[in-house]
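# Inside the fold
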Amino acid sequence: NDPTKPEFIKTRKNFDLKSFGIGFTMGASGGMVGIGGGVIAVPLLTGVLKFTQHQAHGTSLAAVSSTAFVGASTYYLYGDGAV
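This write-up is about the structure you can find in this document. All of these numbers come straight from a predicted model, not from anything done at the bench.

### Considerations on a nonpolar patch on the surface
A cluster of nonpolar side chains, namely Met-32, Val-33, Ile-35 and Val-39, defines an oily patch on the protein surface of about 430 Å² accessible area. Relative to the elements of secondary structure, Met-32 occurs in helix H1 (residues 6-33).

Here's what the structure looks like:
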């Protein structure tokens, strides 16, 4: 796993592109249909990127938690809801 070898760089770029695609799919489906990103993320992370179930759920939870924190903070700062 030498990061200077061409096969590592090619694999890393492929992983990055797949990760971007999964993130885009999560955001687009969540925005257009209103479903949670985890519904899309966990199957794609396990199927496409070969994450374990624990890794996929942890990654999904991190993404959802950060989004929820920003949303709740915004509502609180504008006085639109009790947090």
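### Focus: the side chain of Ser-60
Along the chain, Ser-60 turns up in helix H3 (residues 53-77). Residues within four places of Ser-60 in sequence aside, it is in contact with Gly-38, Ala-41 and Val-42.

### Some remarks on the nonpolar core
Core analysis: the largest hydrophobic core is formed by seven residues, namely Ile-22, Met-26, Ala-41, Val-42, Leu-45, Leu-49 and Ala-56. Put simply, the parts of the chain that give this core at least two residues each are H1 and helix H2 (37-47). Ignoring sequence-local partners within four residues, the contact set of Met-26 consists of Gly-37, Ile-40, Ala-41 and Ala-63.

### A word on H3
Helix length check: H3 (25 residues) gives 36 Å between terminal C-alpha atoms against 36 Å at 1.5 Å per residue, within 8%. In the stretch just after H3, Gly-79 is the one whose phi turns positive, near 70°.

### Observations regarding unusual backbone geometry
Leave glycine aside and you will find that most residues have negative phi; peptide bonds, for their part, are mostly trans. Even without being a glycine, Lys-50 presents a positive backbone phi close to 60°. As for its position among the elements, Lys-50 is in the loop between H2 and H3.

### Section: H2
Inspection of H2 places Gly-37, Ala-41, Val-42 and Leu-45 among the buried residues, and these make up the whole buried set. End-on, the buried residues of H2 take up no more than an arc of 110°, which puts them together on one face.

### Details of the packing of aromatic side chains
Scanning the entire structure with this criterion turns up one aromatic pair. Summarising the aromatic geometry, the rings of Phe-15 and Phe-51 are spaced 6.4 Å apart at their centres and angled 20° between planes, so their arrangement reads as stacked. Placement of Phe-15 in helix H1 and of Phe-51 in the loop between H2 and H3 is noted, with a sequence separation of 36 residues between them. Of the residues examined, Phe-15 reaches a relative accessible area of 31% and is grouped as partly exposed.

Criteria and cut-off values
Residues numbered from 1 in each chain as written. Predicted model: local features only at pLDDT ≥ 70, side-chain atom pairs only at ≥ 80, totals over all residues. Heavy atoms only, no water. Patch = residues over 30% accessible without salt bridge, like charges linked within 9 Å, V, L, I, M, F, W, Y side chains within 5 Å. Areas by Shrake-Rupley, 256 points an atom, 1.4 Å probe, with all protein chains shown as cover. Salt bridge = Lys/Arg side-chain N within 4 Å of Asp/Glu carboxyl O. Helix = DSSP H or I, 4+ residues; strand = E, 2+ residues; numbered from the N terminus. Contact = heavy atoms within 4.5 Å. Core = buried A, V, L, I, M, F, W, Y, C linked by side-chain atoms within 4.5 Å. Buried < 20%, exposed > 50% of the residue type's maximum accessible area, 1.4 Å probe, protein only. Expected span 1.5 Å × (residues − 1). Arc of directions from axis to C-beta. Phe/Tyr/Trp six-rings, centres within 6.5 Å; stacked < 30°, edge-to-face > 60°.

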